[in-house]
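In case you want the letters, here they are:
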Amino acid sequence: MTRAARLALMAAGVALAALVITMVASGAAFPRIIPGLPDAGVLTRWGLPISKLWMDASGLVTIGLLLAATALLPNDKGLLGKAGLGYVRAASWAAMSWAAAAFAAIVFGAADSFAIPVEQVFGSNYLTGFATQYGGGIALTLVVLFGVAIALFSRGAITAGSAAGLLVFALATLLPPALTGHSSSSPNHDLATTGLALHLLSLSLWVGGLGVVVLHAVRRLPKLEIAADRFSRLAVWCFVAVGASGVFSVLARLTAVSDLWTSAYGVLIVAKTIAYVLLGYIGWWHRQRTLRRMSKGEPRAFTRLAAGELLLMAATMGLAVVLSRTAPPPVSLPADRAFDLLGFPMPPPITIANLASLWWLDLFFATVAAVLAGLYAAGVVRLLRRGDRWSWGRTSAWFGGVALLVIATQSGVARYAKVMFDVHMVEHMTLSMVVPILLVLGGPVTLALRALRPAAKRGDRGPREWLTTILHSRFVKVVAHPAIATAIFIASTYALYFTPLFEAAMEEHLGHIFMTLHFLLSGSLFFWTIIGVDPAPHRLPHVGKLLVLFVTMPFHAFFGVALMMTGSVIASGWYEQLGRTWGGPLLEEQQNGGAIAWGFGEIPTLMVLLAIAVQWYQDDSRQARRADRRADKGGRAGDPELDSYNAYLARLNRGESSQ
Ligand code: HEM
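What you are looking at is a predicted structure, and each value in this text was computed from that prediction instead of being measured. (Residues numbered from 1 in each chain as written. Predicted model: local features only at pLDDT ≥ 70, side-chain atom pairs only at ≥ 80, totals over all residues. Heavy atoms only, no water.)

### So, the packing of aromatic side chains
Item 1. This model, assessed by the stated rule, comprises 25 aromatic pairs.
Item 2. Relative to tryptophan 285, the ring of tryptophan 284 has its centre 6.2 Å away and its plane inclined at 55 degrees; by these criteria the two rings are tilted.
Item 3. Classification of tryptophan 284 as partly exposed rests on a relative accessible area of 43%.
Item 4. Pairing phenylalanine 364 with phenylalanine 365 gives two aromatic rings, centres 5.0 Å apart and planes at 80 degrees, and the pair type is edge-to-face.
Item 5. Using a relative accessible area of 22% as the deciding quantity, one classes phenylalanine 364 as partly exposed.
Item 6. Of the aromatic side chains, those joined through ring pairs into one cluster are Phe421, Tyr494, Tyr497, Phe498, Phe502 and Phe559.
Item 7. The ring of tryptophan 466 has arginine 461 lying over it, and the distance from NZ or CZ to the ring centre is 4.7 Å.
Item 8. The positively charged end of arginine 580 is found above the aromatic ring belonging to tryptophan 582, 4.9 Å away from the centroid. (Phe/Tyr/Trp six-rings, centres within 6.5 Å; stacked < 30°, edge-to-face > 60°. Buried < 20%, exposed > 50% of the residue type's maximum accessible area, 1.4 Å probe, protein only. Lys NZ or Arg CZ within 6 Å of the ring centre and 35° of its normal.)

### Things to note about the nonpolar core
Item 1. Within the largest apolar cluster, 95 residues are counted, with the highest numbers of intra-cluster contacts made by Ile63, Leu66, Trp98, Trp206 and Val214.
Item 2. Here this core takes 15 residues from helix H3 (residues 82-114), the largest share from any one element.
Item 3. Both domain 1 (1-31 + 183-325) and domain 2 (39-180) contribute no fewer than three residues apiece to this core.
Item 4. Not counting the four nearest positions on each side in its chain, leucine 66 is found in contact with Val88, Ala91, Ile150, Ala163, Leu166, Leu167 and Ala170. (Core = buried A, V, L, I, M, F, W, Y, C linked by side-chain atoms within 4.5 Å. Helix = DSSP H or I, 4+ residues; strand = E, 2+ residues; numbered from the N terminus. Domains from an automatic or database assignment. Contact = heavy atoms within 4.5 Å.)

### As for the packing of helix H1 (residues 3-26) against helix H13 (residues 300-324)
Item 1. Viewed as axis vectors pointing N to C, H1 and H13 meet at an angle of 35 degrees, and their least axial separation amounts to 7 Å. Considering how the two elements wind past one another, H1 and H13 form a crossing that is right-handed. Residue-level contacts link Leu7, Met10, Ala11, Val14, Ala15, Ala18, Leu19, Thr22, Met23 and Ser26 of H1 to Ala307, Leu310, Leu311, Ala314, Ala315, Gly318, Leu319, Val321 and Val322 of H13. (Axes fitted to C-alpha atoms, helices over the stretch in contact; angles between N-to-C directions. Left-handed = near helix turned anticlockwise from the far one by under 90°.)

### Quick look at the coordination of the iron atom of the ligand
Around a metal, the idealised angle for a tetrahedral arrangement of four donor atoms is 109.5 degrees; for an octahedral arrangement of six donor atoms it is 90 or 180 degrees.
Item 1. Only His199 (NE2) and Lys272 (NZ) from the protein reach the iron atom of the ligand as donors, at distances of 1.8 to 2.1 Å.
Item 2. What the 6 donor atoms of the iron atom of the ligand show is an angle range of 80 to 178 degrees at the metal, which sorts the shape as octahedral. In this pair, histidine 199 is assigned in helix H9 (residues 189-218) and lysine 272 in helix H12 (residues 264-295), connecting sequence segments 73 residues apart. (Donors = N, O, S within 2.8 Å, 3.2 Å for Na, K, Ca; no water. Tetrahedral: all angles 85-135°; square planar, octahedral: opposite > 155°, others 65-115°.)

### Notes on unusual backbone geometry
Item 1. For arginine 220, which is not glycine, the phi dihedral falls at a positive 50 degrees.
Item 2. Its location among the elements puts arginine 220 in the loop between H9 and helix H10 (224-253).
Item 3. Notably, lysine 223 is not glycine yet its phi reads approximately 65 degrees, a positive angle.
Item 4. Its location among the elements puts lysine 223 in the loop between H9 and H10.

### Here we look at empty space enclosed by the protein
Any space left empty among the atoms is revealed by the rolling of a water-sized probe across them.
Item 1. What the rule picks out here adds up to 3 cavities of 30 Å³ or more.
Item 2. A volume near 190 Å³ is recorded for the largest cavity.
Item 3. Taken together, 20 residues form the lining of the largest cavity, with Trp360, Asp362, Thr409, Ala414 and Lys418 sitting closest to its centre.
Item 4. Mapped onto the lining of the largest cavity, the elements with two or more residues apiece are H9, helix H16 (363-385), helix H17 (392-410), helix H18 (412-417) and helix H25 (509-531).
Item 5. If you count residues domain by domain, the lining of the largest cavity takes at least three from each of domain 1 (1-31 + 183-325) and domain 3 (341-600).
Item 6. Estimates place the volume of the second largest cavity at around 40 Å³.
Item 7. Lining the second largest cavity, in full, are His428, Ser432, Phe489, Ser492, Thr493, His518, Phe519, Ser522 and His556.
Item 8. Looking at the lining of the second largest cavity, the elements that each hand over two or more residues are helix H19 (421-441), helix H23 (482-497) and H25.
Item 9. Here the residues of the lining of the second largest cavity sort into 2 nonpolar, 7 polar and no charged. (1 Å grid on protein atoms, 1.4 Å probe; cavity = no way out; pocket = protein on both sides within 12 Å on 5 of 7 lines; lining within 4 Å. Points joined across faces, edges and corners; volume = space filled by probe spheres on them. Nonpolar A, V, L, I, M, F, W, Y, C, P; charged D, E, K, R; others polar.)

### With respect to the side chain of histidine 286
Item 1. Note that histidine 286 resides in helix H12.
Item 2. Taking relative accessible area as the criterion, histidine 286 reaches 6% and is therefore assigned buried.
Item 3. Apart from residues lying up to four places away in sequence, histidine 286 is in contact with Leu291, Phe302, Leu305, Ala306 and Glu309.

Written out as structure tokens, the structure reads:
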């Protein structure tokens, strides 16, 4: 048996052992069976957590293999190297295992949900019923389908681009179970689901990535130092993200510190935290010692410590799966429908003070804002440290945009936007117009292209090369065409509010995230094409930008008027379920929303007109300076009219006749 296979078996054994010990220690292995009450039986009691562990582990291995092929190992002009190709092929098998494990989890999940012995699941509609009508079952069915798709596509992938696409797809495949587990029944279900999703995303890159680097080391394959160095830089951020998302997941489920030692759930959390701190210490030791020794050609210390680290992670995984099947301590929740729908109590009647003070953490957009601010600041600091300059106007525009994003998604505005249509419209307009205008004036792509170093090896793809590849991709060329960007910007607004989409987006946490993301992205795309300072596939002349703006704004005004004229309440089911007892009639608030959509449009129009005027003036002065410089060198200015005028002046200068 190869060393790699031995290590993989050892990791599986450790994870399983940790799961069994934790099941026994937490009492999950021997629950009190009340006679007469249905019970799924011992096979399901063990089968379900084991298939979940198998599923999580297969997912992490698939992601680790695709990550290694895409980003840890150098590729050549976008084509995968020998090891990279091997890892993508291996990912195909890991993805098949992922799909099979998810199917096993469906079978045991059905037995567990219907509290019947697993043998009976096959003979009836239990299986299809669970797989197609239960949130948890549907999520697992998606994992089966996506797993099979990844397995098939990985068979034919030969470029770094296709491996990257598969990696993103695999990361997305982690999410359905996280968004439907008992996170969705916890006191703060939005925080719980987002926390768990971020937790799984970051730990899959961390654990999966380390797994493949260790595999690469024990197989003594070339370019280990490059892979380990690149992984080590990623691992720091994953470590931070796993810890932070873990803590937020705990805050969403536990309501008292004492729960950490008085409940089985809390004790498991403490155990995981100890493992986490140990893993942090090992990571630090790698950076202090083993990676340095490896760069001197001694990989042994790194391989040994990393293999130990992997076994500790495997044990933590076993523990984590039991944790996810352990009920958190019961909390008394307000028994009102609004709380179930919102994840927070119905806010009091709206006042300016409440809008300003009733902040509520939206972990997803708080993370987006932190990443946008952090990356931009890092870019500016790198330029300044290098002695390069970067415009403070752009920096303030960017941070102004990020600050507005935080206010629109975290302050009382976000809370009232969920219960009042007119406040929602203020949030929508801010996120789709004002925030994007400020962000595109910040020039993030230009900053990134200046701050990021080119890949060390010619033809390889580092972050800078990936950015240019994406910018030059056919997809970006198509969506960033001014006509397409404008159509998306206008049509999607009508499609959202005049179809059942809006109500669906308001009812589902994931739907609300997608709606808000869409506002931000469609707005950024549109304003990038007309006032963006970054390089874009299609550059409009200034007159063209004005034209696009003047064509678009009436559609916005008309949208506002259409809202004001609508006789029925949009998303009435959502607002009626909330049962709000204060505030005006729903239709009146909707008409206010229409007026806001109509009136609000003026502000961005003004901002865009100002930006176009400034950019036009700067362009003209730049051209004039260029022409002057050329003329000073006696060369042609490149403008026929100016050239003939300069020729005339030169002739006058030489005292020749003006004719
Ligand atoms: C500060 C340290 C950590 C904390 C506070 C933490 C907390 C949590 C919480 C609260 C959950 C949700 C459980 C549920 O569904 O109720 C979770 C899930 C999970 N954690 Fe952690 N965690 C930490 C570190 C880690 C580490 C280091 C690993 C692995 C190396 C890990 C692996 C997992 C996995 C795999 C799940 C999902 C289990 C499943 O649903 O299948 N966690 N964690």
